[in-house]
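Notes for the structure review
Spelled out from the first residue to the last, the chains are:
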Amino acid sequence: MNRRDFHKTSGAILLSYFIGGTALSLSPAAAQERHLPFQILTPEEADLLARLGDAIVPGAQAAGLSHYIDHQLSTPSADTMLILKYLGVPAPYIDFYRPALRALKNSLHDTSAAGLQAYIAHMTQNNPPDWDKAPPAPFFYFVLRSDAIDVTYGTREGFEKLDIPYLAHIEPEKRSWT
């Protein structure tokens, strides 16, 4: 299954978690609301990712962007839904994210709304100062924006937020959230 087929047929992004020997299927937002631990990302990395992702795509943090990316990083590369898979970036994808997050931590000094917007405007064109040993910042921006859009708007609810009719070729099954 590829990204497009997944989003056409799923209607909702569900992640599988094992908590105390019980399997749960949760949306990234529900995983975030339950404060489920991250599998790959550190809490600091997840926070940076969520804050930058939300500044790029408003609503991404509430949609559970960090849990989505963390879960996808823990998935075998052949099964991941991350855009990196389709851009020819070699797996493991944490080798892309971790250096970019380290560079972000070293170069992002003003985390106010205005500071984030200025930082994003710069990173779409050039590497910020102190952006060392990481993928190019404009490419990281593109990747993060793509994944943030998927988790925020790639569902029936996301389409409703945009006031766009959800016209799936095959309607997804109704699913209850655990």
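Residues numbered from 1 in each chain as written. Predicted model: local features only at pLDDT ≥ 70, side-chain atom pairs only at ≥ 80, totals over all residues. Heavy atoms only, no water.

1. Some details on the packing of aromatic side chains
One pass over the structure, following the stated rule, counts five aromatic pairs. Here Tyr 97 and Phe 140 contribute two aromatic rings whose centre-to-centre distance is 6.2 Å and whose plane-to-plane angle is 80°, an arrangement assigned as edge-to-face. Residue Tyr 97 is found in helix H5 (residues 94–107), and its partner Phe 140 is found in helix H7 (residues 137–153); the two are separated by 43 residues along the sequence. Across the pair, exposure class does not vary: Tyr 97 and Phe 140 are buried alike. Look at Trp 131 and Phe 140: their rings are 6.0 Å apart centre to centre, the planes differ by 45°, and that puts the pair in the tilted class. (Phe/Tyr/Trp six-rings, centres within 6.5 Å; stacked < 30°, edge-to-face > 60°. Helix = DSSP H or I, 4+ residues; strand = E, 2+ residues; numbered from the N terminus. Buried < 20%, exposed > 50% of the residue type's maximum accessible area, 1.4 Å probe, protein only.)

2. Points about the packing of helix H3 (residues 43–56) against H5
At their nearest, the axes of H3 and H5 sit 10 Å apart, and the two run at 75° to each other. Taken as axis vectors, H3 and H5 run roughly perpendicular relative to one another. Note on element contacts: H5 touches H3 through Tyr 97, Arg 98, Leu 101, Leu 104 and Lys 105, opposite Glu 44, Glu 45, Leu 48, Leu 49 and Leu 52. Taken together, the residues of the contact of H3 with H5 sort by class into six nonpolar, no polar and four charged. (Axes fitted to C-alpha atoms, helices over the stretch in contact; angles between N-to-C directions. Parallel < 35°, antiparallel > 145°, perpendicular 65-115°, else oblique. Contact = heavy atoms within 4.5 Å. Nonpolar A, V, L, I, M, F, W, Y, C, P; charged D, E, K, R; others polar.)

3. A look at the environment of Ala 113
Position of Ala 113 among the secondary structure elements: in helix H6 (residues 113–123). A relative accessible area of 62% means that Ala 113 is categorised as exposed. Residues Ala 113 and Arg 51 lie 62 residues apart in sequence; the distance between their C-alpha atoms is 9.9 Å.

4. A look at H7
An ideal rise of 1.5 Å per residue puts 24 Å on 17 residues; H7 measures up with 23 Å between its terminal C-alpha atoms. Of the positions making up H7, those classed as buried are Ala 137, Phe 140, Tyr 141, Val 143, Leu 144, Ser 146, Asp 147, Ala 148, Asp 150, Val 151 and Thr 152. (Expected span 1.5 Å × (residues − 1).)

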